[in-house]
Amino acid sequence: MDREWVDWAVGRIEADFNRSADTHLVPVALPALPRIALYLKDESSHPTGSLKHRLARSLFLYALCNGWIGRDTTIVEASSGSTAVSEAYFARMLGLRFVAVVPRSTAAAKVAAIAFQGGQCHFVECAREMYGAAAGLAAELGGHYMDQFTYAERATDWRSNNNIAESIFAQMTREPCPVPDWIVCGAGTGGTSATIGRYVRYNRHATRICVADPETSVFHRHWADRAVTQTDGAGSLIEGIGRPRMEPSFLPDIVDRMIAVSDARSIAAARVLSTRLGRRCGGSTGTNLWAVARLATEMAGRDACGSIVSILCDDGSRYADTIFDDAWLAGQGIDIAPHAAALNAFFDKGVLPETA
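Residues numbered from 1 in each chain as written. Predicted model: local features only at pLDDT ≥ 70, side-chain atom pairs only at ≥ 80, totals over all residues. Heavy atoms only, no water.

> Explanation requested: the packing of aromatic side chains in the structure shown.
Geometrically, a pair of aromatic rings is defined through the distance of the ring centres and the angle of the planes. As enumerated under the stated definition, the model contains 11 aromatic pairs in all. Pairing phenylalanine 169 with tyrosine 199 gives two aromatic rings, centres 5.8 Å apart and planes at 35 degrees, and the pair type is tilted. Placement of phenylalanine 169 in helix H7 (residues 164–171) and of tyrosine 199 in helix H8 (residues 191–202) is noted, with a sequence separation of 30 residues between them. Comparing phenylalanine 169 with tyrosine 199 shows no difference in burial state: the two are buried. Both rings, one in phenylalanine 346 and one in phenylalanine 347, keep their centres 5.4 Å apart while their planes meet at 65 degrees; by these two values the pair is edge-to-face. (Phe/Tyr/Trp six-rings, centres within 6.5 Å; stacked < 30°, edge-to-face > 60°. Helix = DSSP H or I, 4+ residues; strand = E, 2+ residues; numbered from the N terminus. Buried < 20%, exposed > 50% of the residue type's maximum accessible area, 1.4 Å probe, protein only.)

> What is the right way to look at the nonpolar core in this model?
Note on soluble globular proteins: their nonpolar side chains tend to be buried together. In terms of nonpolar packing, the biggest core is built from 47 residues, with Val184, Ile267, Ile308, Leu343, Phe346 and Phe347 touching the most fellow members. The dominant element in this core, judged by the number of residues it contributes, is helix H11 (residues 283–301), at eight residues. Judged by nonpolar contacts, the second largest core, of 30 residues, contains Phe60, Leu96, Val102 and Ala113. (Core = buried A, V, L, I, M, F, W, Y, C linked by side-chain atoms within 4.5 Å.)

> Quick question: what am I supposed to make of the environment of phenylalanine 90 here?
Counting through the fold element by element, phenylalanine 90 comes out in helix H3 (residues 82–93). Once the C-alpha coordinates of phenylalanine 90 and arginine 12 are considered, the two residues, 78 residues apart in sequence, prove to be 9.4 Å apart. Discounting residues that sit within four places of it in the chain, phenylalanine 90 has contacts with Ile13, Asp16, His53, Ala56, Arg57 and Phe60. (Contact = heavy atoms within 4.5 Å.)

> Would you mind showing me how to read the packing of helix H10 (residues 263–277) against H11 here?
The contact between H10 and H11 brings their axes to 7 Å, and the two run at 95 degrees. When the axis of H10 is compared with that of H11, the two are roughly perpendicular. Residues Arg265, Ser266, Ala269, Ala270 and Leu273 of H10 pack against Gly283, Thr285, Gly286, Thr287, Leu289 and Trp290 of H11. Across the contact of H10 with H11, the residue classes break down as five nonpolar, five polar and one charged. (Axes fitted to C-alpha atoms, helices over the stretch in contact; angles between N-to-C directions. Parallel < 35°, antiparallel > 145°, perpendicular 65-115°, else oblique. Nonpolar A, V, L, I, M, F, W, Y, C, P; charged D, E, K, R; others polar.)

The structure is reproduced here in structure tokens:
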């Protein structure tokens, strides 16, 4: 391995980080719940527009320092879109070829974003085919398969180094309830919940971790019963979270609660939140919000005072032709109206109906 080039590559990535601002922590008004404060960590403001920017940076540094990437290495990743966009950004920064193995159903805007960052797409028919195709392609090209689903939980320094957890707690220090009762996130690789969960335990915070998971995903099933390691049937329409098989980076033992959310509820929540914030948010943010509404309703029922932090994962403009397209929803047979009404009731009355 060319140590001089590796030193340069690590320096390039660190310099990019040094000149980038942190992401905002956005308060969300809950007028019907004056004793509960809600904040969203806005990860859409990263240079590549999503939470996966942090992961991609960590994965590249991990691979470089492990000696897996050199000046001529082709980078290959299995991704539903956002990780691939972010990895393409870092590959281009280092002058490396990048190939993303993505399901054919990936939103067109994400495919375009991968190309914009200089990456190429290799399409497979479904998410289950990504792993083998990516490993095979990397072997064929003599490249490196980044394998986010294996390395996400170990590539990020969970103790500090300005990871997402440290950033959240630093930004919460001047808030009325600076230690959140709950932090709510989704799980695609499981890396985010692993980082936040470990950080919370390491710093002895009372905060609990809730993972909001698509109904079709295996993660919430495995959390309830460790014998369950995969699911059959159709996957979720919510890109970036939920998996058909257990991933090495998902660590169920540091998750305090899981809430399964249907695609219709996730999409309704994304739309309702987008209206209230005045900007579009992606479907996984909607999944998080539905879980937040459930937790906040329970807290209000106990007359609890506290705070909840969740994640605004990416910009909803990437989903203009899917979850924000009424014709697309009709084609999928999805009716979000009752779920949107339920979530608006939560904002207006402070209670998410039990039947919602």
